[in-house]
Amino acid sequence: LDSLLQEKMVTKSKKRPHTATVEPEVVAEVPLTRTSDEPPAKQTKWINKTRVLVLAARGISFRGRHLMDDIFHMMPHAKSDSKMQKKESLFAVNEIAEMKNCSRVLLIEGRRKRDLFLWAATVARGPSVKFEVENIHTMAELKMTGNCLAASRPLLSFSQDFGDKAEMHWQLVKELLTGIFTIPNHHPKSQPFFDHVYTFSIVDGKVWFRNYQILEEDGALAEIGPRMVLNPIKIFDGAFCGQTLWENSSYVTPCAKRSLLKKVQAGKYQNRLQSKAAYEASRPTESTYKVDETEDVFHTIEKEVEEYDEPEKKRFNKVKKIKKNKHSRKPLEQEA
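Colleague: Go over the environment of Val54, please, and point to the residues and values.
Modeller: Tracing the sequence through the fold places Val54 in strand 1 (residues 52-56). When its relative accessible area of 3% is taken as the criterion, Val54 is described as buried. A C-alpha to C-alpha distance of 6.0 Å links Val54 and Lys79, two positions 25 residues apart in sequence. In this structure Val54 touches Met68, Phe72, Met75, Ala78, Lys79, Ser80, Asp81 and Leu106, once residues within four positions along its chain are discounted.

Shown next as structure tokens:
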């Protein structure tokens with residue numbers, strides 16, 4: 001009993017610990033007015049670190065070079081590199097992109113200083129799409145009224161043809177374009193503003209690209225540039241290689257278009273010759289108006305008189321020539 005009483009006394013003498021009161025965290029409010037001298041708070045939420053490699057192959061025209069510069073300055077997460085040699089294979093672009101720590105690639109190719117082709121690909125794994133670039137208008141050429149911040153983030157607007165119910169190749173093209181043209185959130189070189197829109201719309205089986213400035217919240221827009229039309233040719237499984245997933249059956253090469261135009265022009269010339277020959281063949285050989293047969297009686301007499309007068313005229317002309325020569329020699333004899 002004594003031991004039990006002692007244990008109860010010990011338990012009563014022990015003090016119970018007080019429960020710590022948790023104070024709610026006070027969120028610091030942002031002041032209404034701030035001075036411009038305050039340094040901006042650093043963003044540490046940069047998670048999506050995709051980079052795009054924008055480069056060109058040798059042989060592009062000046063228009064293609066200006067278009068490449070416009071695309072490069074539109075994306076602050078883009079990186080550039082020197083021009084590729086024509087001898088190098090396209091698969092070497094993957095190695096260049098890995099050296100630059102890029103996961104997406106935009107490659108611009110030129111043929112004959114006339115035609116321009118654009119490759120859009122995901123490095124290593126793929127897929128990749130080859131486009132023919134048509135109707136190019138650069139920013140320096142257009143001189144539009146629209147303007148936006150240099151490194152602001154754009155909104156991407158796709159037409160309904162890119163939706164879930166669209167064909168599979170258009171959905172794949174949409175995923176590639178969104179991965180390339182979207183600027184990652186909290187990118188160190190970007191600005192957290194949305195003041196322009198990239199629109200992608202499908203017309204006649206081609207992708208039309210436009211860049212607009214957002215003027216007001218009600219949807220008023222002003223075009224900035226550049227403009228281009230992307231005609232898809234093929235979609236490959238890998239990056240610049242692999243199996244062909246889709247091919248445009250209605251695509252016509254630029255050389256074939258030019259040859260067709262030349263044939264049309266040659267056909268115009270041939271039609272002109274044929275019409276001229278048909279006109280000459282349809283002309284009447286005889287006179288179409290009534291002629292008096294007695295009028296031909298006097299033509300014979302006139303011809304005989306003309307034939308008789310012609311030799312006298314010739315003799316008279318010869319005499320004149322001789323006289324002129326004699327007179328021209330006299331001053332030479334006097335000088336001698």
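The discussion continues.
Colleague: I'd love a proper account of the pattern of salt bridges, names of residues and values included.
Modeller: Under the definition given, this model contains nine salt bridges. The shortest N-O distance in the salt bridge between Arg63 and Glu141 comes to 2.8 Å. Here Arg63, found in helix 2 (residues 62-74), pairs with Glu141, found in helix 4 (residues 139-142); they are 78 residues apart in sequence, far enough to count as distant. What makes Glu141 partly exposed here is its relative accessible area of 39%. Between Asp115 and Arg258 there is a salt bridge, with its nearest N and O atoms 3.2 Å apart. Here Asp115, found in strand 4 (residues 115-122), pairs with Arg258, found in helix 6 (residues 254-282); they are 143 residues apart in sequence, far enough to count as distant. A relative accessible area of 11% means that Asp115 is categorised as buried. What emerges from the salt-bridge pattern is a single network uniting Glu134, Lys206 and Lys257.

Colleague: Any details on the nonpolar core? Residues and values, ideally.
Modeller: Counting residues in hydrophobic clusters, the biggest one holds 35 residues, and the most contacted among them are Met75, Leu106, Val133, Phe162 and Phe200. Contacts of Leu106, omitting those with residues within four sequence positions, involve Val52, Leu53, Val54, Leu55, Ile71, Met75, Leu118, Trp119, Ala120 and Ile180. Counting 16 residues, the second-largest nonpolar core is a separate cluster that includes Leu53, Cys102, Val123 and Ala239.

Colleague: I'd love a proper account of unusual backbone geometry, names of residues and values included.
Modeller: The residue after Gly126, namely Pro127, is reached through a cis peptide bond having omega 0°. Looking at the element boundaries, Pro127 is found in the loop between strand 4 and strand 5 (128-137). Along the chain, Gly225 connects to Pro226 via a cis peptide bond; the corresponding omega equals 0°. By the secondary structure assignment, Pro226 is in the loop between strand 9 (221-223) and strand 10 (227-236). Its identity is not glycine, yet His186 carries a phi of approximately 60°, on the positive side. In this structure, His186 sits in the loop between helix 5 (168-181) and strand 7 (191-203).

Colleague: Please give an account of the side chain of Gln213 that cites residues and values.
Modeller: Position of Gln213 relative to the elements: it lies in strand 8 (residues 206-214). Exposure remark for Gln213: the relative accessible area of 17% places this residue in the buried category. Here Asn147 takes part through its backbone nitrogen, which lies 2.8 Å from a polar atom of the side chain of Gln213. In contact with Gln213, not counting residues within four places along its chain, are Thr145, Gly146, Asn147, Asp195, His196, Ala220, Leu221, Ala222 and Ile224.

Calculation notes
- Residues numbered from 1 in each chain as written.
- Predicted model: local features only at pLDDT ≥ 70, side-chain atom pairs only at ≥ 80, totals over all residues.
- Heavy atoms only, no water.
- Helix = DSSP H or I, 4+ residues; strand = E, 2+ residues; numbered from the N terminus.
- Buried < 20%, exposed > 50% of the residue type's maximum accessible area, 1.4 Å probe, protein only.
- Contact = heavy atoms within 4.5 Å.
- Salt bridge = Lys/Arg side-chain N within 4 Å of Asp/Glu carboxyl O.
- Core = buried A, V, L, I, M, F, W, Y, C linked by side-chain atoms within 4.5 Å.
- Polar contact = N/O pair within 3.5 Å; in protein donor to acceptor, adjacent residues only side chain to side chain.

Worth remembering: the numbers are spatial, not functional.
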